Amino acid sequence: KAGVTQTPRYLIKTRGQQVTLSCSPISGHRSVSWYQQTPGQGLQFLFEYFSETQRNKGNFPGRFSGRQFSNSRSEMNVSTLELGDSALYLCASSLAGQAPWATEAFFGQGTRLTVV
Amino acid sequence: AQRVTQPEKLLSVFKGAPVELKCNYSYSGSPELFWYVQYSRQRLQLLLRHISRESIKGFTADLNKGETSFHLKKPFAQEEDSAMYYCALVPGGAGNNRKLIWGLGTSLAVNP
């Protein structure tokens, strides 16, 4: 079974630009979550999509947005990039639901975004 | 409010010494608790969950509802245990909207 795939692996962008990151979840997983990981702040939750609907959202500005397609693939967009947006962006998928094993999150390897 | 606290950002021990990574949570119900690990240059992955009551790579974690803690322990640390460890909580109860709530992580360094 293929794991969670994130593309691209590395990105360098200039301040003020916008960027789109992509995440393909494990087949059959309906929930996709996005996280920002930085050395100083750890793992910070951005948002979660389930069946094409955003159902949880973290405390990030509106410049950060996302969407999920009918095949559960998800994209994250950051507009008007700032230097502080430089981070590793992680995507995780899960089955979701009530069963204990359904809540396990499977992570991609991340997209390393550098804003210059 | 639901919260997970990992009080130590960095924990340094010598090889062969016992290690305990602390995790405290704030939640009034019955949560599901997890430990995730991220080794250098590898993806974040599940280490263990309290429901399974298992030992993985020599690590164990016991849920203490009285102290609202889920500390991760290993009696003899190995150099390959050096990694970033995250404690996470899923609120219990009905409904599909059960998101993971994360601690800030503890970086474990096991020195030779």
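Reading the values: rules and limits
- Residues numbered from 1 in each chain as written.
- Chains lettered and ligands numbered in written order.
- Predicted model: local features only at pLDDT ≥ 70, side-chain atom pairs only at ≥ 80, totals over all residues.
- Heavy atoms only, no water.
- Helix = DSSP H or I, 4+ residues; strand = E, 2+ residues; numbered from the N terminus.
- Rg over C-alpha atoms; globule rule 2.2 N^0.38 Å.
- Buried < 20%, exposed > 50% of the residue type's maximum accessible area, 1.4 Å probe, protein only.
- Contact = heavy atoms within 4.5 Å.
- Areas by Shrake-Rupley, 256 points an atom, 1.4 Å probe, with all protein chains shown as cover.
- Lys, Arg positive; Asp, Glu negative; His and termini not counted.
- Charge placed at Lys NZ, Arg CZ, Asp CG, Glu CD.
- Salt bridge = Lys/Arg side-chain N within 4 Å of Asp/Glu carboxyl O.
- Disulfide = S-S within 2.5 Å.

A. Spatial organisation of the overall build of chain B. Looking only at helices and strands, chain B features zero helices and 11 strands. Counting helices and strands in the order they occur from the N terminus, chain B gives β-β-β-β-β-β-β-β-β-β-β. Its C-alpha radius of gyration of 14 Å places chain B within 12% of the 13 Å reference for a compact globule of 112 residues. Across its three principal directions, the C-alpha atoms of chain B cover 45 × 30 × 25 Å. Counting across all 112 residues of chain B, residues that qualify as buried make up 45%. Contacts in chain B between residues far apart in sequence, at least 24 positions, make up 58% of those at least 6 positions apart. Total accessible area computed for chain B in this model is approximately 5,600 Å², and 50% of it derives from carbon and sulfur atoms. Computed over 14 positive and 9 negative side-chain charges, the separation of the two mean positions in chain B equals 7 Å.

B. Structural context of the pattern of salt bridges. Residues and elements named next belong to chain A. One pass over the structure, following the stated rule, counts nine salt bridges over all chains. Glu-82 is the salt-bridge partner of Arg-63, the closest N and O atoms lying 3.6 Å from each other. Placement of Arg-63 in the loop between β6 (53-57) and β7 (64-68) and of Glu-82 in the loop between β8 (74-78) and β9 (87-94) is noted, with a sequence separation of 19 residues between them. Taking the relative accessible area as the measure of exposure, Arg-63 reaches 16% and is therefore buried. Arg-67 serves as the salt-bridge partner of Glu-75, at 3.2 Å between the closest nitrogen and oxygen. By relative accessible area, which is 16% here, Glu-75 ends up buried. By sharing partners, the salt bridges in this structure join Arg-63, Glu-82 and Asp-85 into a single network.

C. How the structure looks around the state of the cysteines. Residues and elements named next belong to chain A. What the rule picks out here adds up to two disulfides over all chains. Between the sulfur of Cys-23 and that of Cys-91 lies a disulfide, 1.7 Å long from S to S. Disulfide Cys-23-Cys-91: torsion about the S-S bond near -50°, hence left-handed. Taken together, the residues span a long stretch of sequence, with Cys-23 in strand β3 (residues 19-24) and Cys-91 in strand β9 at a distance of 68 residues. The burial state of Cys-23 is the same as that of Cys-91; both residues are buried.

D. The environment of Gly16(A), seen in detail. Residue and element names in this part refer to chain A. For Gly-16, the position within the fold is in the loop between β2 (10-13) and β3. C-alpha of Gly-16 to C-alpha of Thr-38: the two residues are 22 residues apart in sequence and 20 Å apart in space. Not counting residues within four places of it along the chain, the set of residues in contact with Gly-16 comprises Thr-80 and Leu-81.

Taken by themselves, the reported measurements are silent on function.
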